[in-house]
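# Results of the structural survey
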Amino acid sequence: MSSEAEPRVIELRSGPRDRRFDGIGAVNGGGATSALFKDYPEPQRSQILDLVFAPRFGASVSAMLVEVPGDGNSTQGSMPSHMHTPDDLGTHRGYTWWVMREAKRRNPDLSLDAVAWSAPGWVGDGEYWSQDMADYYVSWVQILREVHGLELDAIGCRNEKGVSIPFAKQLKASLEKAGFGSIALHAFDNWTPDKFDFIEDLKRDPEAAQAIDVLGGHVMYGGEGSGSSPEVRAWAEETGKPIWNTEDHVYRPGFDCLIGIVECFNENYLLHGATKVVLWYDIAGVYPVEPYPEEPAMVVAREPWSGHYAVREALWGYAHYGQFTELGWTYLHDASTVLEGGGTVVALRSETGDFSLIAETKDATGPQRLRLRIGDGLANTPITVWRSTAEEQFVHIGVIAPVDGEFEVEFAPDAVYSLSTTTGQRKGGFDDVPESRPFPFPYRDTFDGYGDAAARGFLPRYTADIAGAFELAPDPDGQGTLLRQAVPQAPHSWSPDWLPYTVIGDEAWDDYEVGVRVRLEAGETAAVMGRVNHVGTGYGFVPKCYLFELNADGTFRLLSVNGKEDKAELVGDAEQQAIIAAANDRDPGGTRVLAAASITAPAGQWRHLTLRFEGGRITGLVDGEPVLTADDATHARGMAGLLAGADNAYSTASFADLVVKA
Ligand code: 147
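Quick look at the structure, then. (Residues numbered from 1 in each chain as written. Predicted model: local features only at pLDDT ≥ 70, side-chain atom pairs only at ≥ 80, totals over all residues. Heavy atoms only, no water.)

## With respect to the overall build of the protein chain
Along its length, the protein chain carries ten helices and 38 strands. Computed over the C-alpha atoms, the radius of gyration of the protein chain is 26 Å, within 12% of the 26 Å expected from 2.2 N^0.38 for a compact globule of 662 residues. Within the protein chain, the fraction of its 662 residues that count as buried is 62%. Here the analysis covers contacts within the protein chain between residues at least 6 apart in sequence; of these, 75% occur between residues at least 24 apart. For the protein chain, the exposed surface amounts to about 23500 Å²; the carbon and sulfur share of it is 48%. (Helix = DSSP H or I, 4+ residues; strand = E, 2+ residues; numbered from the N terminus. Rg over C-alpha atoms; globule rule 2.2 N^0.38 Å. Buried < 20%, exposed > 50% of the residue type's maximum accessible area, 1.4 Å probe, protein only. Contact = heavy atoms within 4.5 Å. Areas by Shrake-Rupley, 256 points an atom, 1.4 Å probe, with all protein chains shown as cover.)

And the structure:
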C-alpha cells in the first residue's frame, strides 16, 4: 500500500552545517551495573560482550561512558575506588577496567569517556571540587594507560552535581601536566533545565572556555523547556565546541524501547544539536531487588550461577545506528529532518562517500514516501535496507538500486529503518543460552580459594555492594582470605549516604538462616542482614530488611529497617517520580529495635553471628547460642547481606565463612 501524496524529497548532500559524529553508545556504571555480569562463566560472558561491543554483530556501539569508581552509591550500588585512602593505590580493583579492556579489545575504535558519580571521603577534606579530586582523576587515567594499556578520549567533572569552573580549569591543567592533554574535557553533565547556563561564564572567562572542550549535558532530562537552547547551539557552533548528551535513557518494554532509542538518538541531533549520545545503561548485571534492574538495558545478565542471559529488543535499536555508522562520520544537516507524518530521519556520511539513513516512524499516522537524491561525492551504489517492527527486529529486507542518482522508499508507521551503502551488517546471536535457574541454595562462601584475587578485582562471587567495598583480603592473622569492608569513612556519595552493605541471594527466600563469622576493632559495628527486599530507589539506599547487629563493645541488637526513599532534591521526570512515590507508599516507615542485649566485649576476636527466620519468629544467635528473639511480620522474604557500620560511621569489619541454609 502506498500513500497518494507526492513523496517528500530529501537531498543527500554535504553542507556547511554538517557536524562530526562522535558516536552513540551506553553508560557502564552510574550504579555498579556490572556487579553480577563480571561473575559470568565462559562462553556466556564473552557472548554478552560481543553482543554489545563487537562491530557489525549486535549493538556495535561506538561510544562508552564509564563511571570512575568512587566507593559511594551511585544508583544501584557502589564500585571500589582505586584509592580508598590517600596513600592507597589499587590498580586492579573492581571490574570497570576489565569491562573497558574487553570492550576495546572487540572494537579498537570505541571511544572511551569517564566521569565520577561518587568519590572517597578523604578527597578534598570534604570538598569534592578540589585539587585532590583532579589528582584522583589523573591517577585513574594513569593506571588506565600504564597498567591496562588504554587511552581515555574524554572525561567529565562530576555526574549531575552542579558547576565548578575553577575545578574544570584545575582538572584540565592537571591532565595536561601529566601528559593527558588530548583527553577532551566535557562539563558539567547536569540534568536540570539550567544545565548549559555556565556558558555565560565561559564567554567572560577565556581560560575557562579553553579548558572545557565539549558542552556536556544530560540534554533531554529536566522536562519542558530543558535541552539546548538556540543560543547555546549558536555559541557551540561559533566556538566549534560539540554538544554531547552524556546521559539519556529510555525506560520502556520490548519494541517500544527499541524505537524509543532510535527516536532518542535522532532527536538529540535534530532538536538539540547533540553529536554524541550515550544511554544509561548497557548490561543489567544487578539483582531484581535493585532499582532499574532491567528496562533500560540491552542485555539482562543477572544469573552468573546459571549463565542465563536475555537480549532485550533495545539492543537492536542501538544496532540500527551502531552497525551503520562509524566514529568520525559526518551528520548531513540538510538531509536530516523531522517527518511531517510522524517520526524522524537522520543521514550520515563517511569520509569516502558511503552514507546511511536512520529513520523511525513512531506514532506515524500512515505510510510515508520519501525520494532521496544522492548528491555529488556520495556513493551511487546499491542501498541495503534493514528494518525493525514490533513483530521482528533487525531484519534485512532488501536492496534498492538507485536510478539516475535517485531512489524512493516508503516507511510504514511504527518501524525503524536503516538504509546504507555499507554492507556486512548481521543479526548476531547465540542459540545455546543456558536455562534460567534460581540462586543456589544452600549457599556457602568461605572467601578462600579465589586464587589470584586481583584477577577478580578483589571481589567475591555474587555479592552486590550497595555502598562501600566488600573486598577479598588476606587474613592478617592466618593463611587464607577473608572479606573486608575496605572503605574507612563516608564517601562523597552521589546518592544520599547511609551505611556500607552488600547483598547476595534470592529475594524469594523466606525461612532460612544466614550465618557469618565477624571480627571488629574497637568502636566498630557489623551486622548480618536477612530478608532484604529493597535497597533503595536509586536516590537513597536505606534497605528494607532485618539486621542482627554486633558492636565492638559487646552490645547487639535485632532491628527491622524500613528505608523510606524520597528524593526531594531531584525532581525527576514523571516516570522517576512514580517509582519513588510507589516506594514511599509501600513504606510503613522507620527503623525499629526489636530486641537488644550484650555480651563480653568482642573487639579483635572472631564471633559467629546467625540470623534465623521461621515465619514471623526472628532469632539472633552468637557463637551458636540464641541470644535474641522477636516476633515481627514486616519483612516476609528477601536476600541475605552484610553490613559494616552504624550511625553514619563506616566500619572496616572483616567477615569469614558466609553460609545461607534452611
Ligand atoms: C540519572 C543518573 O545519572 C543515573 O546514574 C541513574 O540514577 C538514572 C536513573 O534514572 O538517573 O539521573 C537523572 C537525573 C534526572 C533525571 C533523569 C535521570 N530527570 O530529571 O529526568
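## Description of the environment of Ile 400
Along the chain, the position of Ile 400 falls in strand β20 (residues 395-400). With 19 residues separating them in the primary sequence, Ile 400 and Leu 419 have C-alpha atoms 9.1 Å apart. Setting aside residues up to four positions removed in sequence, Ile 400 forms contacts with Pro 382, Ile 383, Val 385, Phe 407, Glu 408 and Val 409.

## Considerations on the packing of aromatic side chains
Scanning all chains against the criterion turns up 39 aromatic pairs. Pairing Phe 265 with Tyr 321 gives two aromatic rings, centres 5.3 Å apart and planes at 75°, and the pair type is edge-to-face. Residue Phe 265 is found in helix α8 (residues 254-272), and its partner Tyr 321 is found in helix α9 (residues 314-322); the two are separated by 56 residues along the sequence. A relative accessible area of 0% means that Tyr 321 is categorised as buried. Above the face of the Trp 244 ring, Lys 276 is positioned so that its terminal group lies 4.0 Å from the ring centre. (Phe/Tyr/Trp six-rings, centres within 6.5 Å; stacked < 30°, edge-to-face > 60°. Lys NZ or Arg CZ within 6 Å of the ring centre and 35° of its normal.)

## Topic: the nonpolar core
Counting residues in each nonpolar core, the largest one holds 121 residues, and the members touching the most others are Met 100, Tyr 137, Trp 140, Leu 152, Leu 215 and Tyr 318. Not counting residues within four places of it along the chain, the set of residues in contact with Leu 152 comprises Met 100, Leu 112, Asp 113, Ala 114, Trp 140, Val 141, Leu 144 and Ile 183. Phe 439, Ala 453, Cys 545 and Phe 556 belong to the second-largest nonpolar core, a separate cluster that totals 64 residues. (Core = buried A, V, L, I, M, F, W, Y, C linked by side-chain atoms within 4.5 Å.)

## A few points about the sheet that holds strand β7 (residues 184-188)
Around the barrel, which closes on itself, the eight strands sit in the order β3-β4-β5-β6-β7-β8-β9-β10 with parallel pairing between neighbours. Judged from the three bridges that link them, strand β8 (residues 214-217) and strand β9 (residues 243-248) form a sheet pairing that is parallel. Note that in β9 the partner of Gly 216 across the bridge is Trp 244. Helix α4 (residues 165-177) rests against β6 (154-155) and β7 of the sheet, and its axis sits at about 165° to β7. (Pairing = 2+ DSSP bridges. Axes fitted to C-alpha atoms, helices over the stretch in contact; angles between N-to-C directions.)

## Details of the pairing of strand β38 (residues 654-661)
Across the eight residues that make up β38, a large majority, six, are buried. Pairing geometry for strand β23 (residues 443-445) and β38, over three bridges, is antiparallel. Considered in β38, the bridge of Tyr 443 is made with Val 660. Here six bridges tie strand β28 (residues 513-519) to β38, and the two strands are oriented antiparallel to one another. The partner of Val 518 across the bridge, within β38, is Phe 655.

## As for α4
For α4, with 13 residues, the first-to-last C-alpha span of 18 Å sits near the 18 Å given by 1.5 Å per residue. Among all positions in α4, only Ile 165, Phe 167, Ala 168, Leu 171, Lys 172, Ser 174 and Leu 175 are buried. Structurally, α4 contributes buried residues whose contacts are with α3 (131-146), β6, β7, α5 (199-204) and α6 (206-211). Backbone geometry just downstream of α4 places Gly 179 in the positive-phi region, at approximately 90°. (Expected span 1.5 Å × (residues − 1).)

## Points about the sheet that holds strand β21 (residues 406-411)
Strand order in the open sheet formed by three strands is β1-β18-β21, and the pairing between neighbours is mixed. Looking at strand neighbours, the two that pair on one side only are β1 (8-12) and β21, the edges of this open sheet. The mean inter-strand angle of the sheet, taken between neighbouring strand axes irrespective of direction, is 25°. Pairing of β1 with strand β18 (residues 368-374) involves five bridges; the strand directions are parallel.

## Concerning unusual backbone geometry
The step from Ala 187 to Phe 188 runs through a cis peptide bond, and the omega angle for that step is -5°. Examined against the element boundaries, Phe 188 turns out to sit in strand β7. Cis rather than trans, the peptide bond between Trp 280 and Tyr 281 has omega equal to 0°. Tracing the backbone through its elements, the reader meets Tyr 281 in the loop between β10 (274-280) and β11 (283-284). For Asp 414, which is not glycine, the phi dihedral falls at a positive 55°. Given the relative accessible area of 34%, Asp 414 is considered partly exposed.

## Side note on the side chain of Asp 22
When you line up the elements, Asp 22 lands in the loop between β2 (19-20) and β3 (24-28). One polar contact links Asp 22 to Trp 244, side chain to side chain, over a distance of 3.0 Å. Discounting residues that sit within four places of it in the chain, Asp 22 has contacts with Ala 63, Ser 111, Pro 242, Trp 244, Thr 275, Lys 276 and Leu 327. (Polar contact = N/O pair within 3.5 Å; in protein donor to acceptor, adjacent residues only side chain to side chain.)

## Quick word on the packing of α8 against α9
Any two packed helices are characterised by how steeply their axes cross, that is the angle between the axes, and by the distance between the axes. Where α8 meets α9, the closest approach of the two axes is 7 Å, and the angle between their N-to-C directions is 30°. Relative to α9, the element α8 lies roughly parallel. When the axes of α8 and α9 are compared, the crossing they make is right-handed. Across the interface between the two elements, Gly 254, Cys 257, Leu 258, Ile 261, Val 262, Phe 265 and Asn 266 from α8 touch Ala 314, Trp 316, Gly 317, Tyr 318, His 320 and Tyr 321 from α9. Residue composition of the contact of α8 with α9, by class: nine nonpolar, four polar and no charged. (Parallel < 35°, antiparallel > 145°, perpendicular 65-115°, else oblique. Left-handed = near helix turned anticlockwise from the far one by under 90°. Nonpolar A, V, L, I, M, F, W, Y, C, P; charged D, E, K, R; others polar.)

## Considerations on the pattern of salt bridges
On inspection of all chains with the given rule, the structure shows 37 salt bridges. As a salt-bridge pair, Glu 408 and Arg 371 come within 2.9 Å of each other at their nearest N and O atoms. You can see Glu 408 sitting in strand β21 and its partner Arg 371 sitting in strand β18, a full 37 residues away along the chain. Note on Glu 408: relative accessible area 33%, which makes it partly exposed. (Salt bridge = Lys/Arg side-chain N within 4 Å of Asp/Glu carboxyl O.)

## Remarks on the side chain of Arg 349
Structurally, the position occupied by Arg 349 is in strand β16 (residues 344-349). Buried charge without a salt bridge: Arg 349, with Asp 18 as the nearest opposite-charge side chain at an N-O distance of 6.7 Å. In terms of polar contacts, Arg 349 uses its side chain to reach the side chain of Ser 14, at 3.0 Å. Every residue in contact with Arg 349, bar those within four places of it in the chain, is listed here: Ser 14, Trp 329, Thr 330, Leu 332, Asp 354, Phe 355, Gly 377 and Leu 378. (Lys, Arg positive; Asp, Glu negative; His and termini not counted.)

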